Structures are given as C-alpha cells and as structure tokens.
Amino acid sequence: MAGLPVSSSHDPAAKVLRRILERPGVQLGPACFDALSAKLIEGAGFSYCFTSGFSICASRLGLPDTGLISYGEMFDHGLLLTQAVSIPIIADADNGFGNPINVKRTVKGFIQAAFAGIFLEDQLSPKACGHTPWRKVLSRQQALINIKAAVDARSESGSDIVIIAHTDARQAVSLHEALLRVEAFADAGADVLFIDALASVEEMRAFCQVSPHIPKMANMLEGGGKTPILTPQQLEDIGYKIVVYPLSLIGVSIRAMQNALTALKQGVVPPPGTMPSFEEIKDIVGFNTYYQEEKRYAIGASSEGDISRDPSSGVRPQTLRVKVAGKDGFEKLDLRIPAGSLDGLTNIVPALAGINIKELMDNEVEEIGGKKLLDFSDSMDERIQVFLE
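Note that the structure is a prediction, hence the values are computed from the model and not measured. (Residues numbered from 1 in each chain as written. Predicted model: local features only at pLDDT ≥ 70, side-chain atom pairs only at ≥ 80, totals over all residues. Heavy atoms only, no water.)

A. View of the packing of aromatic side chains. Tallied over the full model, the rule gives 9 aromatic pairs. Among the aromatic residues, those joined into a ring-pair cluster are Tyr 71, Phe 75, Phe 97, Phe 110 and Phe 115. Over the face of the ring belonging to Phe 207 we find Lys 216, whose NZ or CZ atom lies 6.0 Å from the ring centre. Sitting over the ring of Tyr 291, Arg 336 keeps its end group 4.6 Å from the ring centre. (Phe/Tyr/Trp six-rings, centres within 6.5 Å; stacked < 30°, edge-to-face > 60°. Lys NZ or Arg CZ within 6 Å of the ring centre and 35° of its normal.)

B. The sheet that holds strand β10 (residues 331–338), seen in detail. Overall, antiparallel pairing links the 4 strands, which are arranged β10-β9-β12-β11 in an open sheet. The sheet terminates laterally at β10 and β11 (371–377), the two strands that pair on one side only. Each strand of the sheet is rotated relative to its neighbour by a mean of 10°, with strand direction disregarded. With 6 bridges connecting them, β11 and strand β12 (residues 383–388) associate as antiparallel partners. (Pairing = 2+ DSSP bridges. Helix = DSSP H or I, 4+ residues; strand = E, 2+ residues; numbered from the N terminus. Axes fitted to C-alpha atoms, helices over the stretch in contact; angles between N-to-C directions.)

C. How the structure looks around unusual backbone geometry. The phi angle at Ala 114 is positive, at roughly 75°, despite the residue not being glycine. Among the structural elements, Ala 114 can be located in the loop between α5 (100–112) and β4 (117–121). According to the relative accessible area criterion, Ala 114 is partly exposed, its value standing at 41%. In this structure, Asp 381 takes a positive phi of about 65° despite not being glycine. (Buried < 20%, exposed > 50% of the residue type's maximum accessible area, 1.4 Å probe, protein only.)

D. Highlighting the pattern of salt bridges. Counted according to the given criterion, the structure contains 18 salt bridges. Notably, a salt bridge pairs Glu 177 with Arg 140, separated by 2.8 Å at the nearest N-O pair. Of the two residues, Glu 177 is situated in helix α8 (residues 175–188) and Arg 140 in helix α6 (residues 140–157); the sequence distance between them amounts to 37 residues. By relative accessible area, Glu 177 is classed as buried at 11%. The partly exposed category is assigned to Arg 140, whose relative accessible area is 35%. Among the salt bridges present, the one from Asp 334 reaches Lys 282, with a minimum N-O distance of 2.8 Å. Placement of the pair is Asp 334 in strand β10 and Lys 282 in helix α12 (residues 278–285), with a sequence separation of 52 residues. (Salt bridge = Lys/Arg side-chain N within 4 Å of Asp/Glu carboxyl O.)

E. Summary view of the sheet that holds strand β1 (residues 27–32). Taking strand neighbours across the sheet as the criterion, the 8 strands line up as β6-β5-β4-β3-β2-β1-β8-β7 in an open arrangement whose pairing is parallel. For this open sheet the edge positions go to β6 (192–195) and β7 (217–219), each flanked by a neighbour on one side alone. The mean inter-strand angle of the sheet, taken between neighbouring strand axes irrespective of direction, is 25°. As paired strands, strand β5 (residues 162–167) and β6 are joined by 4 bridges and run parallel to one another. Of the residues in β6, the one forming a bridge with His 166 is Phe 194. Packed onto the sheet, α8 meets β5 and β6 and runs at close to 165° relative to β6. (Contact = heavy atoms within 4.5 Å.)

In structure tokens form, the structure reads like this:
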C-alpha cells in the first residue's frame, strides 16, 4: 500500500524499488506525467510511481500515444522527473524504440536518467496504448530477444534496474499466446511480468498462475479500459504485486482545466475550494523551500542560516515583499525581491509608480522583521501591501 518514501541518498532507486517489491501486500503506484505531478504523488505519501507514455504524449506534445514521441524526448523528460523527487520512478519505455540495439540504448539511457525500473512492451511500431484497437505485436521470438537485450544492457551497466516485461498479445493474438510470452520473459530474466488489456477476472487469475515466483503488475485503466477495475485487496487476492493507475492525474487535470476555462470565458474565476490558494501553490512548487535556502546564502547570514548584520557594512540584508489582492479578496501576487533590487518593480505593480520605496525603506531600516511600509487600494480596488522583512 501507499507509504512514506523509503529512499535515501545512499540507496540507488532500483534497490529501493526492489525492497518495495519484497514488502507484503499489493503496492499501488499512480502515474505521473511531469515533475509537478511526480512531486504531488510523493507528497501524498506514495512510495513509488510510474510514468505514463499516454499522459506524457498528451501533456508534452498534445498528441495521442501512437508512437509519435521519441527516445530523446522521453529521456529528457525522464531526467526532469527523477530530479524532482526522491521516490523511485518506473519508466514507460514503449517498445524500446527499435530493434534490440535500440532496446539496449534505451535501457542504458534510462539507467543514466536514474529510473528505478523500466517496462518494455512487444508491440510493432508504430506502437500505441494497449487498450486501443488494431494492436500488432512482434513475433514471440523477437519479443524474447528484446527482453534478453534489456537484461544484457542492465548487466553491462552494472545496474540493478527492475525490468518489467509487458506484452500486448492478449488483444493482438490470444490469451494463450500472452501467457506463453510472459513465461518466456520470466525465464529470460525479467523481474516483473505484465499482460495488458486482460478482459476478465478469470484471465487475470490465469496470468498470476504463470511463473508464480515472479511479481505481476496490473493496469487499472480508469474511465473505460478493457480490464476490470478491482480493489487493491481483490488484486492482491488474485496474486498481483504492483498496480498502476495510469490516467487518474492527467484525467482529473483535463476536466479541471476544462471547467476553469468554461468559467473564465464568462469572466468568472475559479471559486475557493476548487483550486489551492496562491500560498498553497507556492508551497507545493517549492517557493518556501527556496526562500529558506536563499536566506542561508544572503550576505551576512550566520553559519546557522539566520540573517545577521554584515559586520563589514553595518547593514542588515533585507527583503521587500509586495502583496496584491483583488477586490474579491483573492491573492493575485505575493512577490519577494532583494531590497536593493527595485528596478522594474513598477512594471510588475504599476500602482507603485511615483512612490519612493527606497525612502520608505531608509526610514524603517532599523525595524526588525515584517515592517509594513504601505497598505492602500488602487484605482481598480486592488489592495497593495508592501512589507520590509
């Protein structure tokens, strides 16, 4: 189940993921599509997550998951994700982007991008989501060679990346063919097995009986896929170890944006409760962490990170904070800038034009912490507040 992040600076992501696979019970993993969604997953307490090629194609390119995104784009995108969080991420590597040599390059590249795991499918190019029609797969022999190439790439890299072998043969050929493939993939060294688009609970049970010592992955495609949506306990009872929820985050994001745009077209801003406050948004994306880090390196900062007087200048490093709230009370701006960098401030807040901010600061330079310099409403009934911190 979802739990606290378990990675540390001394644990490569793949080793952390392997420990997660050894835990009792089924392990749930939402799919991210950008650095922000990965951070939200981590913040919600999940111990790992997936990438969704479907969602990345949609968010990065505005295009369908039909083989249009390249290895290079997925590699670059992956770097942003793994650098944003400390939990392990399992990468969607499509079909390896080509022949066995391409597969090896993909695996080695994703190892360099610090992914903990990688799942490889056996579709012919151009590949697409396994729940869409007209899927075609490689021959069983060629699919097996690709898994062997991935295992070789891992060995050559000295890595422990988790390889998830994924077949789309259930819809492209038959359940029997899909079961034969995953058994062969297990023998070739795959760590986790996955048959996409299984059509019934009975088929899911049959899959979990193959190579029972190898963990199985379930895809709970939200909103109308071919596979039945089951509870985590039901999936565990059948025999699954890890579960991906590929579309929840991109799906609710799309609907929320559509609703907001419909309202904005009528001149109505999203009401409280339908979106985080500006303060919450800033905290989620890391502004508060940034501010604390910034203070550590301010001129005159003590070794403990507190602001103190610079003995060489006698001047306390200070920050100017400007807050703007609309007449509806919603915060529109909360800006912090070094007190010595006022150029361009009136371009951001035109209502401050003609006000000598520096003079106000000079008069209050001896005040310690949060001195309010200005508090007024402009011609548009927006409340402008300026603080010296």
